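Commentary on secondary and tertiary structure
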Amino acid sequence: MEAILSTLLFYLTLGLFAGVMAGLLGVGGGLIIVPALAWIFHHQQVDDAIVMHLAIGTSLATIVVTSISSVRAHHRRGAVLWPIFWRLTPGIVVGAWLGAAIADALPSAVLSKVFAVFVLTVAAQMGFGAKPAPHRELPGTAGMLTAGGVIGAVSAIVGIGGGSLTVPFLTWCNIAIRQAVATSSACGLPIALAGALGFVVTGLNAAGRPDWSLGYVYGPALVGITLTSMLSAPLGAKLAHTLPTEMLKKVFAAFLTLVGVKMLLG
């Protein structure tokens, strides 16, 4: 019972931290949730062959729940560009399904290295403030489907809501940053839905899954994380107006660098 309570407390704390960081810095909770879950699953003696799959699938499932409140908040402010959302969504859904299938085919160790490289890339982007120069318009139908497919596939493979990919793409296409962030948050919902469903289906017959898991989604972690992250994300958004977010982004980038290097080195 003591072990169960301590694990539940860890999930609740993880959700609290991920929610605050998402609201404060605009980073996806998956960048925090995936490595943290991989660590706790390893210490729970989950089969090493599925540790990363379970962490990524569960991360995507938590994003489904938390992104709904984020989308509603942005929609109330009229910041979501729904025509762009609908143009990106078909590619996102197909890409997320493909990403889940690719992740299922990859060994857990390889998946960990892929995630580590992605985290280091995001850390560099945050640390140095790298932003694409807005010098073009949105592409046509084929271009939007391709962009959505890439965003969906990469997001599903690493277990994120896609903000670190969607926002740069939209700002590159001359979309104002506030609308880019709001539209990206809306795009996070189909990414997470399709990706989580893909991880459920591909993991249904996987050996070594712990009790209370559905495919590669672990129920207790999903419940614990979403309970607190939904409550703490608005707090993070409020703190963003009072704390030095640029300095905090650099500190968080350093933290992500440590996480990425540790995962890269095993």
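First, a word on scope: everything that follows refers to the structure included in this document. Model, not experiment: these values are computed from the prediction. (Residues numbered from 1 in each chain as written. Predicted model: local features only at pLDDT ≥ 70, side-chain atom pairs only at ≥ 80, totals over all residues. Heavy atoms only, no water.)

**Considering the overall build of the protein chain**
Looking only at helices and strands, the protein chain has 10 helices and 2 strands in total. Mapped from its N terminus to its C terminus, the protein chain presents α and β elements in the order α-α-α-α-α-α-α-α-β-β-α-α. Compactness check: the protein chain gives a C-alpha radius of gyration of 17 Å against a globular reference of 18 Å for 266 residues, within 12% of the reference. Reported as C-alpha extents along the three principal axes, the dimensions of the protein chain are approximately 55 × 40 × 35 Å. Put simply, the protein chain has 266 residues, and 48% of those count as buried. A separation threshold of at least 6 residues defines the contact pool for the protein chain, and within that pool the share at least 24 residues apart is 80%. (Helix = DSSP H or I, 4+ residues; strand = E, 2+ residues; numbered from the N terminus. Rg over C-alpha atoms; globule rule 2.2 N^0.38 Å. Buried < 20%, exposed > 50% of the residue type's maximum accessible area, 1.4 Å probe, protein only. Contact = heavy atoms within 4.5 Å.)

**Quick word on the side chain of T228**
On the secondary structure map, T228 appears in helix α9 (residues 219-239). A polar side-chain atom of T228 sits 3.1 Å from the main-chain amide nitrogen of L16. The residues contacting T228, other than those within four sequence positions of it, are Y11, L12, G15 and L16. (Polar contact = N/O pair within 3.5 Å; in protein donor to acceptor, adjacent residues only side chain to side chain.)

**Some words on helix α3 (residues 51-76)**
In this model, α3 (26 residues) spans 38 Å end to end at C-alpha, consistent with the 38 Å of a helix rising 1.5 Å per residue. Taking the largest bend as the criterion, α3 deviates by roughly 30 degrees, centred on T66. After α3 finishes, the residue G78 shows a positive phi value of roughly 70 degrees. (Expected span 1.5 Å × (residues − 1). Bend = angle between axes of the 7 residues up to and from the residue.)

**Things to note about unusual backbone geometry**
Among all residues save glycine, negative phi is the norm, and among peptide bonds the norm is trans. Phi is positive for Q45, which is not a glycine, with a value near 60 degrees. When you line up the elements, Q45 lands in the loop between α2 (30-43) and α3. Residue Q45 is classed as exposed on the basis of its relative accessible area, which comes to 66%.

**With respect to helix α4 (residues 82-105)**
Under the 1.5 Å per step criterion, the end-to-end length of α4 is 34 Å for 24 residues, consistent within 8% with the ideal 34 Å. Taking the largest bend as the criterion, α4 deviates by roughly 35 degrees, centred on T89, and proline P90 comes between one and four positions later. Considered for burial, the residues of α4 that qualify are I84, F85, L88, T89, G91, I92, G95, A96, G99, A100 and A103.

**Some remarks on the layout of surface pockets**
Taken as a whole, the second largest pocket holds about 660 Å³ of empty space. Along the walls of the second largest pocket sit 23 residues, with P35, A38, W39, K262 and M263 positioned nearest its centre. Listing elements by their share of the lining of the second largest pocket, those giving two or more residues are α1 (2-25), α2, α3, α5 (108-128) and α10 (245-264). (1 Å grid on protein atoms, 1.4 Å probe; cavity = no way out; pocket = protein on both sides within 12 Å on 5 of 7 lines; lining within 4 Å. Points joined across faces, edges and corners; volume = space filled by probe spheres on them.)

**Side note on a nonpolar patch on the surface**
A surface patch of nonpolar side chains, amounting to about 360 Å² of accessible area, comprises V117, V261, L264 and L265. Along the polypeptide, L265 turns up in the segment after α10. Residue classification places L265 among the exposed residues on the basis of a relative accessible area of 72%. (Patch = residues over 30% accessible without salt bridge, like charges linked within 9 Å, V, L, I, M, F, W, Y side chains within 5 Å. Areas by Shrake-Rupley, 256 points an atom, 1.4 Å probe, with all protein chains shown as cover. Salt bridge = Lys/Arg side-chain N within 4 Å of Asp/Glu carboxyl O.)

**A look at the packing of aromatic side chains**
Applying the stated criterion to the full structure yields 8 aromatic pairs. Centroid distance W82 to F85: 5.1 Å. Interplanar angle 85 degrees. Geometry classified as edge-to-face. Of this pair, W82 and F85 both sit in helix α4, separated by 3 residues, roughly a single helical turn. Accessibility expressed as a relative area gives 7% for F85, which makes it buried. Aromatic pair F85 and W86: ring centres 4.9 Å apart, planes at 75 degrees, arrangement edge-to-face. Members of the aromatic cluster, joined through ring pairs, are F10, Y11, W39, F41 and Y218. (Phe/Tyr/Trp six-rings, centres within 6.5 Å; stacked < 30°, edge-to-face > 60°.)

Honestly, it's all geometry; don't read function into it.
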